Each structure stands twice: as C-alpha cells, then as structure tokens.
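Here is how the chains run, residue by residue.
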Amino acid sequence: ARHLLGIEPLAPDEITALLDLAERYVALNRSGSKHADVLAGLTQINMFFEPSTRTQASFELAGKRLGADVMNMAVAQSSVKKGETLIDTALSLNAMHPDLLVVRHPASGAVNQLAEKVTCAVLNAGDGRHEHPTQALLDALTIRRAKGRLHRLTVAICGDIAHSRVARSNLILLNRMESRVRLIGPPTLMPAGVAEFGAEVYDDMRAGLEGADVVMMLRLQRERMDGGFIPSEREYYHRFGLDAEKLAHAAPDAIVMHPGPMNRGVEIDGTLADDIRRSVIQEQVEMGVAVRMAAMHLLADNLRAARRAGAG
Ligand code: CP
C-alpha cells in the first residue's frame, strides 16, 4: 500500500509482517547504536493539528533513527491560524517534495482526504474518532510480547468508547487477528450502532472484566463531548475506574494497558498504573517507536518501488 490510513484495509499477514519487522527495531532501539539508514535521503514532515506527546515524539525519533530529514510543522505558528485549509496547507508542503507525511487532525476522515491530494506516503497519526492505526499496531505488539500470540485472547476495552479512535482501530485489529473484544463503559459513552461492532458490550465493569487476558483503559475525551453527557470524575471512577479490586475479576495474569494520556484517579488507579507486575503502559510507549520505524520502513520501500516502476 502507498499509505497507512487505518487498520481497516490491512490483512492479518500484513499486520503480522509489520509486527515482525517492528521486533527487529525493538532490538535495534535497545542496542548501543539505535541507527539504520533505511530512510536516508527521504524527507518526513510531521503535521499535528491536535496535541500529542507520545505519537509526535515517537514518529520524530523513528524518522531520525532511520536517517530521514525530519521536520515538525509548528501548526500554532503556521498559516493555518490565518484561515488556510488543511488541503491548501498539505498542497503547499507537497510542493516541497516530502516523502512521508505524518498527520494528526481532529476531523474524522481528514487524513484520508489529504492523502488523495499529495504525491507522498501519508501516515495517519489519529483522525477524530475514526482511526489511530499505529496505536493499534503498537498495542498489538505489546500484547503479542506479553501473551505470545494475538489470537484467542479476550481483550476488554473500557471507558469512553464513543469518542475513541484507539478503541476503533484496536477493535478492528483484534477481530481480524481472531481475538474477542469486550467494550465496557456507560451506555452514554458507547457509539451508536455498537451492536454491529463485532464486540460484546457491558455497562458493568466487573462482569466485563471476568476472565479477560488484556484490560485496556481509555481516557474520558472531554474535548470531543461538545455539550453532551460528561460524567462526574468521582462517580466515573467508582463505576469504571480500574483498581486492584476490579482487576481481580480479570484473568490472574491479565495485563493492564493505557494508550495515554492517562488521568490518574479518573479511569485508573495511579498505583496500579505504575505496578510493573501488571501494567505494560511504559512498554506500549517503547513499542510505539519500533512500530513507527517499521511502518515508515515498509512505506518507504513501497514508495521507492513505485518510483522505480514510474521511471522505468
Ligand atoms: N496515545 C497517544 O496517541 O498519545 P498522544 O496523544 O500523546 O500522542
């Protein structure tokens, strides 16, 4: 494929191949050198129209470790602030001949639209409530390393499902790899038509966690709640916050995940989040760099092959 816009178009063998390559980058990143020349001579531009810590930092590190020229567009100081549209901004950057464009945007579908207008490879770093493919891939790598497989697992995704691109991309990936997904949260934070999502739905946390192998917690995305129902933090933590007592309902060796940013004492107990016997939250961040290196490596290979074919 030319772009990485979502998990939806990926076949199970493509997901496995990307995770296998990412494993090689985990080893490289843990070694003394951390560098490879896979993206040498290529230009990567990161455009983040929403705040980010992990995704932006790891895409930047991934590009630099692979030898790309990496530029972070400062959106707050850009002509976007003067009313320029996303597409005009992208066309202007495209004219500077980038090879890889990494984009995060608050509107669902915006990154797909942009990909139709540019000549380089586009990686979706999260668009609205639609998809966050590299997050699902780094989550999959973390799960595979902890559990030894991605099939026949029960994965509980808990919290604000309605506003979550992380939940959506993970649900698609885990279904595709033949694992069972349970979605847990208040009915007001479940998306419309959730019954068609290929997941079991629970509004009782203890019932939803029963025997789960993986417990994935999500943040309340207040920035997307535009005037709708916003639960009180106390009430929410009481019913849906993960603590040791609720986790005891999951499998004894269940792992605890969170994509970040995390609100301690709202969706997760801080002590549990830091407990490295159960929590793989920091490993998720580490896997993020390796997965993004693998994704850009594969897209760069495809880009070079397409250019050779075009020239020939
Ligand atoms: N998980 C995630 O996307 O984190 P950031 O918003 O910090 O990039």
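Predicted model only: the values in this text are computed from it and were never measured.

1. As for the pattern of salt bridges
Side-chain pairing between opposite charges can occur once the charged atoms of the two side chains come close. Counting across every chain of the model gives 14 salt bridges. For the salt bridge of D99 with R307, the shortest nitrogen-to-oxygen distance reads 2.8 Å. Within this pair, whereas D99 is found in the loop between α3 (86-94) and β3 (100-105), its partner R307 is found in helix α11 (residues 281-311), the two being separated by 208 residues in sequence. Judged by relative accessible area, which is 41%, R307 ranks as partly exposed. Between E283 and R145 there is a salt bridge whose closest N-O contact spans 3.3 Å. Of this pair, E283 sits in helix α11 while R145 sits in helix α5 (residues 133-147), placing them 138 residues apart in sequence. The class of R145 is partly exposed, set by a relative accessible area of 30%. Counted as one network, the salt bridges with shared partners bring together E23, R145 and E283.

2. Thoughts on the sheet that holds β3
Ordered by their spatial adjacency, 4 strands build an open sheet running β2-β1-β3-β4, and the pairing between neighbours is parallel. The open sheet has two edge strands, β2 (69-73) and β4 (121-127), and neither has a second partner. Mean inter-strand twist for the sheet, computed between neighbouring axes without regard to direction, equals 15°. Where strand β1 (residues 43-48) lies against β3, 5 bridges are found, and the strand directions are parallel.

3. Considering the sheet that holds strand β9 (residues 255-257)
Spatially, β7-β6-β5-β8-β9 is the arrangement adopted by the 5 strands of the open sheet, whose pairing is parallel. Every interior strand has two partners, whereas the edge strands, β7 (200-202) and β9, have only one. Geometrically, the sheet is characterised by an average inter-axis angle of 20° between neighbouring strands, direction not taken into account. Sheet topology places strand β8 (residues 214-217) next to β9; 3 bridges connect them, and they run parallel. Note that in β9 the partner of V215 across the bridge is V256.

4. Side note on the packing of aromatic side chains
Per the counting criterion, the structure on display carries 1 aromatic pair. With 5.6 Å between their ring centres and 35° between their planes, Y236 and F240 make a pair best called tilted. In this pair, Y236 and F240 are both assigned in helix α8 (residues 233-240), 4 residues apart and thus about one turn of the helix distant. The side chain of K246 reaches across the aromatic face of Y237, ending 5.8 Å from its centre.

5. Thoughts on helix α6 (residues 165-176)
Between its first and last C-alpha atoms α6 spans 17 Å; for 12 residues at 1.5 Å apiece the expected length is 16 Å, and the two agree. Most of α6 is tucked away, with 9 of its 12 residues classed as buried. For α6, the set of buried residues is R165, V166, A167, S169, N170, L171, I172, L173 and L174. Taking the backbone nitrogen of V166 as reference, a side-chain oxygen 3.3 Å away marks S164 as the first, capping residue of α6. Of the residues one or two after α6, E178 is the one with positive phi, at around 70°.

6. Re the environment of F240
For F240, a relative accessible area of 3% translates into the label buried. With 56 residues separating them along the chain, F240 and I184 place their C-alpha atoms 8.3 Å apart. Once you skip the residues sitting within four places of it in the chain, F240 turns out to touch I184, G185, P186, D203, M205, M217, K246 and E267.

7. Structural notes on the packing of helix α1 (residues 12-30) against α11
At a minimum axis distance of 8 Å, the contact between α1 and α11 shows a crossing angle of 120°. When the axis of α1 is compared with that of α11, the two are oblique. In terms of crossing hand, the pair formed by α1 and α11 is right-handed. Contacts between α1 and α11 involve L18, L21, A22, Y25, V26, L28, N29 and R30 from the former and E286, M287, V289, A290, V291, M293, A294, A295, H297 and L298 from the latter. Partitioning the contact of α1 with α11 into residue classes produces 14 nonpolar, 2 polar and 2 charged.

8. Describing the site of the ligand
Taken together, S52, T53, R54, T55, R104, H132, Q135, P259 and G260 are the residues near the ligand. At 3.0 Å, a side-chain N or O of Q135 approaches a nitrogen atom of the ligand. Between the ligand and G260, the relevant distance is 3.1 Å, taken from a nitrogen atom to a main-chain nitrogen or oxygen of the residue. Notes on the ligand: free accessible area 260 Å², of which the protein chains cover 92%. Residues that form the shell around the ligand fall into these classes: 1 nonpolar, 6 polar and 2 charged.

9. Examining the pairing of β4
With 7 of its 7 residues buried, β4 lies for the most part within the structure. With 5 bridges connecting them, β3 and β4 associate as parallel partners. Paired with H105 across the two strands is D127, which belongs to β4. A crossover connection joins β3 to the parallel β4 through helix α4 (residues 110-115); in handedness this β-α-β unit is right-handed.

Definitions and cut-offs
- Residue indices begin from 1 for each chain and proceed along its sequence in written order.
- In keeping with the predicted nature of the model, local features appear solely for residues at pLDDT of at least 70, side-chain atom pairs appear and are counted solely at 80 or more, and the whole-chain, interface and lining totals rest on all residues.
- Values reported for side chains reflect all heavy atoms of the structure, with hydrogen atoms and water molecules removed beforehand.
- One speaks of a salt bridge when a side-chain nitrogen belonging to Lys or Arg is within 4 Å of a carboxyl oxygen belonging to Asp or Glu.
- Where helices and strands are cited, they refer to DSSP runs of H or I of at least four residues and of E of at least two residues respectively, numbered from the N terminus.
- Buried, partly exposed and exposed residues are distinguished by accessible area as a fraction of the type maximum, computed with a 1.4 Å probe on protein chains only: under 20%, between the cut-offs, and over 50%, respectively.
- Strand pairing requires that DSSP identify at least two bridges connecting the strands.
- Note on geometry: axes are lines fitted to C-alpha atoms, helical ones only across the stretch in contact, with angles between N-to-C directions running from 0 to 180 degrees.
- For this analysis, a ring pair means two rings from Phe, Tyr or Trp (six-membered ring only for Trp) whose centres lie within 6.5 Å, classed as stacked if their planes differ by under 30 degrees, edge-to-face if by over 60, and tilted for the remaining angles.
- Should the NZ of a Lys or the CZ of an Arg lie within 6 Å of a ring centre and within 35 degrees of the ring normal, that charge is described as sitting over the ring.
- What a helix should span is 1.5 Å times the count of its residues minus one.
- Any pair of N or O atoms that falls within 3.5 Å is considered a polar contact. Within protein, one atom must be able to donate a hydrogen and the other to accept it, and sequence-neighbouring residues count only if both atoms are side-chain atoms.
- Two residues qualify as a contact provided that any one of their heavy atoms is within 4.5 Å of a heavy atom in the partner residue.
- Roughly parallel here means an angle under 35 degrees, roughly antiparallel means over 145, roughly perpendicular means 65 to 115, and every remaining angle is called oblique.
- The hand of a helix crossing depends on one turn: near helix anticlockwise from the far one by less than a right angle means left-handed, and clockwise means right-handed.
- Polar here means any residue other than Ala, Val, Leu, Ile, Met, Phe, Trp, Tyr, Cys and Pro, which are nonpolar, and Asp, Glu, Lys and Arg, which are charged; Gly is therefore polar.
- Nearness here has a simple test: a residue counts as near a molecule or strand if at least one of its heavy atoms is within 4 Å of that partner.
- Per-residue accessibility takes into account occlusion by the displayed protein chains alone, with areas from the Shrake-Rupley method and a 1.4 Å probe.
- Convention used here: a crossover is right-handed provided that the path from the first strand, over the helix, to the second strand proceeds clockwise when the strands point away from the viewer.

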